[in-house]
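Chains, contacts and geometry: an overview
What follows is each chain in one-letter form.
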Amino acid sequence: MAVSGVSSSRSIYGNRNVLTGLVSGMDTESMIENAISAYKNKIAQLTQQRTKTEWKQEKFRSIIDKMSVFADKYTSYQSSNNLMSSSFFDQAVKTTALGKYADKVSATGRGTNSVQVNRVKQLASAATYRLSGSAVDKQTSGIVTAPSVSTTDSFRLSGERPVSLFSGSMTLTYGGLTSESKLYIEFDQEQVFESPRELVDEINKQLKDQSVSIGGKTYTGQQLLDEVVQAKLDGDGNITFADPKKNNVYISSASKSIQQNLLGVDKLSDETSKQVKSFNAKDVKDLRTTMKNVDYLGTGNMTITLDGVAKSVNLPTAKEIIAQLEKDGKGEVPESLINEIKNGWEPSTSIDRQRRDDAFVAVLQSKIDSAFGKGKFTVEDAAKDDGVGDAKKSGLQLKFSAAQGSSFKVESNRATALGFGDSKCATSYLNVDKSLGDLLGADMFDPDKEGALSPLVKPRKDEDGNIMLDSNGNPLPEMKNGKPVYMTDDDGNTLYSFKINGVEIGQFSKETKLSTVINAINGTSAAGVKASYSKTTNELLFTARETGEGSSISMDSELSKKLFGSPDTYDTKGTYNKGQDAIFSVSINGTELKDLKRSSNSVEFDGLTLNLKGTFGYETDDNGNMKYYKTLVKDADGKAQFTMKNSSGGDVTIKAEELSDGRLSFYDERTGKTVYGKLDDDLNLSFTHENGKTVYARLTGDGKLTFTEDAAQKGEITAVSESNPKEIVGSEAVTFETVSDSDKIVEAVKAMVEDYNTMIKEIKDAYSSLPLQQNNKQYYEPLTEEEKEQYSESFIEAWEEKAKTGILFGDSDLRSLYDRLTSAISMTGEHGAALRAAGITVNYTDGLSTLEFNEKEFRDALEKDPDKVRDAFVSNTENGAKSNGLMQSLKKPLDQYARTTGGKGVLVNKAGSLLAPTTLYNNVLQTELNNIDTQIDKWTDKMNDQVDYYTSQFSRLEQLIQQMNSQSSYFAQLMTGG
């Protein structure tokens, strides 16, 4: 039968070939469109929601870009306009060193007298303590060898293990519509909870590691739980999220397995009446299943970061292990062994267990070779059976190795099952995320174990709350059941004191991360020590904050000594170098001051600050290294000192006059005449009498020095010497020339003020601008695709500009950022006064705080007191200043909200940034976009199903009418005799 009226409609039918209503006369396309209009409207709403989310993301990224550019331009040491650099401001008064050794000394400031540096014997240095990461964690390798590391524990491919039925992330939304904050909880399959209490404790543990900003105040740790939100458990197993401030807290998103298995819902909603604010976890111990170890491992992967390049490899499956066995055995692998592996059973012999484990390692190595290239990164079985006896009892233990000079990190979503231990990873370098318990062993933190560390003890108090002391003035311990009560943290872990240079850095537990200890050291300026760690060299370096002979580093508590050893003692774990003073000679207005000592390489003379950078004025070898010679030690009167043994074997001090011709003059007690001694280069003495005869020195019975011509009676005289460099006679001194040059500083500060004002205005406008309304009081919304087809490009552009206005209205993060930045520029105290005197003031107009810059006043301040202007910009409390300068104050909020390296800023985590590529597909708004896309796909599928249904029905109707028309025509022909 011929079919007429075939249409290929692109609006709702897509590429479907369908029958139109040519036979029936009905507009079937319009009827179908009306039938699916609800679906189309839902998709349009979701599309508009997606567009608005994209606009939010774009706006956040615009702000991030401006903040990053500002930070790179004015707070980066790679920038030529770094306003955090003292050396940049020193250009206001430019002092140039002149002479052959001008590179050995630099100077800043404007001196009031003529100063020249004649020679530099020694630079000041700080005490340092350097130790290998392997001294702290035996699992790491030193950089001098090819790095290798084994997992903490062994594991078995046989047997079964419990696996959680829920994993992924769960997001808590806290606060009102205009000040929402997000908190995130992560679960993985390896976390199996035995009770609701364990689940609550895990949630609260993760909450404590996050932060929430409310009204300009940031809450974190226990304070976040106590004052913002925490999970609580009632007697019926219900877990709720309590908030003392009575703000709304609900679960806004979660992975599918968490929704269905833990929360018991198919869909989460933002509608207040449908929000999930609690859930029942009474049966949480049943939310698990068991999997064969080999199957569980086979569904996981391993992420290897080798020399900064990260790649993921899938773990071997049972099928791949069997294939490798058959390949290795060339078809001779017993069927029984293959069946045992398939069924997750333990092979019955040590040889077969080793063959199975070798196959696992071989498959994994093959995958690693495919990812990195052969030979670059290897894996082996550290518990490999040598074939002698039944040695394969400990299971399979992975050992990873790389080439010399490389560093690596291995992680896995099957870390527990693979034996990685509590740290969840294996590194060739010291993993600073390891806990002190991991590094020192749990027994070290168990007071009942022999050789354990001594915990901090709670002091006993009287009825008035005063600490009670013993007869020696030491606090008495609080006692319970005959034992002292130990101090604990919020989680009940016993605390231990950690001291450096006699200063308590903190009180730590076995759960404290090494990174926390390092940060605490750097954050405790009173201890006078900075700590750093290099993954490249796998070395920890402690450096005294001050240079000079007085600088020192000591570990003064059991915990600090056990962790790092004791510098400058037999119990050291590393290399300790004492600090030393700078030694140099200068002339001021022609008066020479020789061998001055200073604890710093930066010294000031009458307004001119000298920065010593190298030694000069002394003899050097062919490699430019200073030569050192033995020289006599002299007393305060300038007499040379010697020692000589008396008849009892003791040392007697002898002194001699040094004559202008270099001879040494001794008095001969026996003859009453003078004897002259001469020293060779090795400080060996030879003597001549006044008559020119050679004589020999000796001591008389009463200890007096005499000389004799009898060589048999001589005694050895030893010069008391020290090593010193030899001055170059007539060595050229370093002199200085001072000129003023403030133009570059003025231009940089002027540009900074302009850039800051542009940045702060965009931030303020973003969260304070209200969304625009049309004449009908409806808000401007993104145009749908159908609407865009009706308008010109200029109309669409103008409309979208209005629709984008206020897209971030009320955003709490931007509001907090604005408050932090405006607080940073509203400086008080000495630095604030200096900035105002230099023409830099805060202007508050129409609710916006901006900076104003008076160029004349700024130039005058630079000319009058450049150091005060410099300090107002660059001062840093971490370097000993009383308060931060302007740029340091600005840098903190810039880093907190827009950092794109290391720990990412608040806004970067929220919207991602091109400056941090890894965040483009891993940020809060991108997650929202992905969820919207899922909804669009779901509603599109539903709409397509309806289109197919109605198309089929109307097509069938058209065919029936066509058949009826044909039959009618046939009967008509019969009636007419046709």
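Residues numbered from 1 in each chain as written. Predicted model: local features only at pLDDT ≥ 70, side-chain atom pairs only at ≥ 80, totals over all residues. Heavy atoms only, no water.

1. As for the overall build of the chain
Helices and strands together make up the secondary structure of the chain, namely 24 helices and 47 strands. Radius of gyration (C-alpha) of the chain: 41 Å, far over the 30 Å computed for a compact globule of 978 residues. Looking at the chain as a whole, 42% of its 978 residues are labelled buried. Excluding contacts between residues fewer than 6 apart, the proportion of contacts in the chain whose partners are at least 24 apart in sequence is 62%. Total accessible area on the chain is roughly 51300 Å²; 45% of this is exposed by carbon and sulfur atoms. For the chain, the distance from the average site of its 116 positive side-chain charges to the average site of its 140 negative ones is 1 Å. (Helix = DSSP H or I, 4+ residues; strand = E, 2+ residues; numbered from the N terminus. Rg over C-alpha atoms; globule rule 2.2 N^0.38 Å. Buried < 20%, exposed > 50% of the residue type's maximum accessible area, 1.4 Å probe, protein only. Contact = heavy atoms within 4.5 Å. Areas by Shrake-Rupley, 256 points an atom, 1.4 Å probe, with all protein chains shown as cover. Lys, Arg positive; Asp, Glu negative; His and termini not counted. Charge placed at Lys NZ, Arg CZ, Asp CG, Glu CD.)

2. Examining the sheet that holds strand 18 (residues 301-306)
Taken in spatial order, the 4 strands line up as 19-18-22-23 in an open sheet, and their pairing is antiparallel. Taken across any chain shown, the strands that pair with only one partner, and hence form the sheet edges, are strand 19 (309-314) and strand 23 (425-427). Neighbour-to-neighbour, the strand axes of this sheet turn through a mean angle of 15 degrees, independent of strand direction. Relative to strand 23, strand 22 (residues 408-412) runs antiparallel, the two being bridged by 3 bridges. Bridging from a neighbouring strand, Glu411 pairs with Cys425 of strand 23. (Pairing = 2+ DSSP bridges. Axes fitted to C-alpha atoms, helices over the stretch in contact; angles between N-to-C directions.)

3. Structural notes on the confidence of the model for the chain
Looking at the chain, the pLDDT average stands at 86 and 94% of residues meet or exceed 70. Low pLDDT, under 50, characterises residues 1-10; the predicted model gives this stretch 21 contacts beyond four residues in sequence or across chains. Low pLDDT, under 50, characterises residues 387-392; the stretch is placed with 13 contacts to residues that sit more than four places away or in other chains. (pLDDT = per-residue confidence, 0-100.)

4. Describing a nonpolar patch on the surface
Residues Tyr970, Phe971 and Leu974 make up a contiguous nonpolar surface patch of about 350 Å² in total accessible area. Its place among the elements puts Leu974 in helix 24 (residues 924-975). (Patch = residues over 30% accessible without salt bridge, like charges linked within 9 Å, V, L, I, M, F, W, Y side chains within 5 Å. Salt bridge = Lys/Arg side-chain N within 4 Å of Asp/Glu carboxyl O.)

5. Looking at unusual backbone geometry
Phi is positive for Asn501, which is not a glycine, with a value near 50 degrees. With respect to the secondary-structure elements, Asn501 resides in the loop between strand 26 (496-500) and strand 27 (503-508). In the Ramachandran plot, Asn589 falls in the positive-phi region, its phi being about 50 degrees despite a non-glycine side chain. Mapped onto the elements, Asn589 comes out in the loop between strand 31 (582-588) and strand 32 (591-598). Given the relative accessible area of 48%, Asn589 is considered partly exposed.

6. Quick word on the pairing of strand 18
Only one face of strand 18 is covered, namely the face carrying Met302, Ile304 and Leu306; the face carrying Asn301, Thr303 and Thr305 is uncovered. Bridge count for strand 18 against strand 19 is 6 bridges, and the pairing is antiparallel. Bridge pairing in strand 19 links Thr305 to Ala310. Two successive antiparallel strands, strand 18 and strand 19, enclose a turn made up of 2 residues, where Asp307 displays a positive phi of approximately 50 degrees. Where strand 18 and strand 22 come together, 5 bridges link them in antiparallel fashion.

7. Brief notes about the side chain of Thr75
By secondary structure assignment, the location of Thr75 is in the loop between helix 2 (37-74) and helix 3 (86-89). Since its relative accessible area comes to 6%, Thr75 is described here as buried. Every residue in contact with Thr75, bar those within four places of it in the chain, is listed here: Phe70, Asn82, Met84, Met887 and Lys891.

8. Digging into the packing of aromatic side chains
Summed over all chains, the structure comprises 30 aromatic pairs. Plain terms: the ring middles of Phe642 and Phe666 are 5.6 Å apart, the flat faces sit at 55 degrees to each other, and that makes the pair tilted. Separated by 24 residues along the polypeptide, Phe642 in strand 36 (residues 640-645) and Phe666 in strand 38 (residues 664-668) bring together distant segments of the chain. Overall, the relative accessible area of 0% leaves Phe642 in the buried class. An aromatic cluster is defined as three or more aromatic residues linked by ring pairs; in this entry it consists of Phe88, Phe89, Phe853, Phe858 and Phe873. Here the guanidinium or amino end of Arg414 rests over the ring plane of Tyr296, the centre of that ring lying 4.0 Å away. Lying over the aromatic face of Tyr676, Arg663 brings its terminal NZ or CZ to 4.0 Å of the ring centre. (Phe/Tyr/Trp six-rings, centres within 6.5 Å; stacked < 30°, edge-to-face > 60°. Lys NZ or Arg CZ within 6 Å of the ring centre and 35° of its normal.)

9. Examining the sheet that holds strand 40 (residues 685-689)
Reading across from one edge, 42-41-40-39-38-37-36-43 is the order of the 8 strands in this open sheet, with antiparallel pairing throughout. Every other strand in the sheet has two partners, leaving strand 42 (705-708) and strand 43 (717-719) as the edge strands with one partner each. Averaged over neighbouring strand pairs, the angle between their axes works out to 45 degrees when direction is ignored. Summarising the sheet, strand 40 and strand 41 (residues 694-699) pair through 2 bridges and their orientation is antiparallel. Across the sheet, Thr688 pairs through a bridge with Thr694, a residue of strand 41.

10. Quick notes on a negative patch on the surface
A surface patch of like charges, here negative, comprises Asp153, Asp422, Asp438 and Glu511. Locating Asp438 in the fold gives a position in helix 12 (residues 436-440). Exposure remark for Asp438: the relative accessible area of 32% places this residue in the partly exposed category.

11. Some thoughts on the side chain of Thr919
Here Thr919 shows up in the loop between helix 23 (906-911) and helix 24. Within the structure, Thr919 has its side chain in polar contact with the backbone nitrogen of Ser913 (distance 3.0 Å). Setting aside chain neighbours within four positions, we find Thr919 in contact with Lys904, Val908, Gly912 and Ser913. (Polar contact = N/O pair within 3.5 Å; in protein donor to acceptor, adjacent residues only side chain to side chain.)

12. Structural notes on the pairing of strand 10 (residues 181-187)
Here strand 10 shows a clear split, with Ser181, Leu183, Ile185 and Phe187 buried on one side and none of Lys182, Tyr184 and Glu186 buried on the other. Strand direction decides the pairing type here: strand 9 (residues 168-174) and strand 10, joined by 7 bridges, are antiparallel. In the strand pairing of strand 10, Thr173 is matched with Lys182.

13. Focus on helix 7 (residues 256-263)
Within the sequence span of helix 7, burial applies to Ile258, Gln259, Leu262 and Leu263. Along the axis of helix 7, the buried positions cluster into a sector of 115 degrees, meaning they face one direction only. In this structure, the buried residues of helix 7 make contact with strand 9, strand 10, helix 5 (196-208), strand 15 (249-254) and strand 16 (278-280). Gly264 sits one or two residues past helix 7 and shows a positive phi near 75 degrees. (Arc of directions from axis to C-beta.)

14. What to know about the nonpolar core
Within soluble globular proteins, side chains that are nonpolar generally end up buried alongside one another. By size, the foremost hydrophobic cluster in this structure holds 63 residues, and its most contacted members are Met67, Leu83, Met752, Tyr756, Phe858, Phe873 and Met887. Take this core: its biggest share by element is 12 residues, from helix 15 (residues 743-768). With 36 residues, the next largest nonpolar core counts Val163, Leu325, Ile368 and Phe408 among its residues. (Core = buried A, V, L, I, M, F, W, Y, C linked by side-chain atoms within 4.5 Å.)

15. Digging into the packing of helix 2 against helix 15
Any two packed helices are characterised by the angle at which their axes cross and by the distance between the axes. Relative orientation of the contacting elements helix 2 and helix 15 amounts to 160 degrees, with a least axis distance of 10 Å. Comparing the axis directions of helix 2 and helix 15 gives the class roughly antiparallel. Between helix 2 and helix 15 lies a crossing of left-handed hand. Across from Lys59, Ser62, Ile63, Lys66, Met67, Phe70, Lys73 and Tyr74 in helix 2, the residues of helix 15 making contact are Ala748, Ala751, Met752, Asp755, Tyr756, Thr758, Met759, Glu762, Ile763 and Ala766. (Parallel < 35°, antiparallel > 145°, perpendicular 65-115°, else oblique. Left-handed = near helix turned anticlockwise from the far one by under 90°.)

16. A closer look at the environment of Ala231
With respect to the helices and strands, Ala231 occurs in strand 13 (residues 230-233). For Ala231, a relative accessible area of 2% corresponds to the buried category. Along the backbone, Ala231 and Ile203 are 28 residues apart, and their C-alpha atoms lie at a distance of 6.8 Å. Here Ala231 is in contact with Val200, Ile203, Asn204, Leu207, Ile239, Thr240 and Phe241, once residues within four sequence places are set aside.

17. Examining the environment of Glu478
Locating Glu478 in the fold gives a position in the loop between helix 12 and strand 24 (479-480). Linking Glu478 and Arg460, residues 18 residues apart in sequence, is a C-alpha distance of 4.3 Å.

18. Quick look at the environment of Phe360
Tracing the chain through its elements places Phe360 in helix 11 (residues 350-372). Taking C-alpha positions, Phe360 is 53 Å from Ala526, a pair spaced 166 residues apart along the chain. Other than its neighbours up to four places away in sequence, Phe360 contacts Phe155, Leu157, Pro316, Ile321, Leu396 and Leu398.

19. Some words on the packing of helix 18 (residues 812-825) against helix 22 (residues 886-898)
One can describe the packing of helix 18 onto helix 22 by two numbers: an axis separation of 8 Å at closest approach and a directional angle of 170 degrees. The orientation of helix 18 with respect to helix 22, classified from their angle, is roughly antiparallel. For the pair helix 18 and helix 22, the contacting residues are Asp813, Ser816, Leu817, Arg820, Leu821, Ala824 and Ile825 in the first and Leu886, Ser889, Leu890, Lys892, Pro893, Leu894, Gln896 and Tyr897 in the second. Of the residues assigned to the contact of helix 18 with helix 22, the class counts are 9 nonpolar, 3 polar and 3 charged. (Nonpolar A, V, L, I, M, F, W, Y, C, P; charged D, E, K, R; others polar.)

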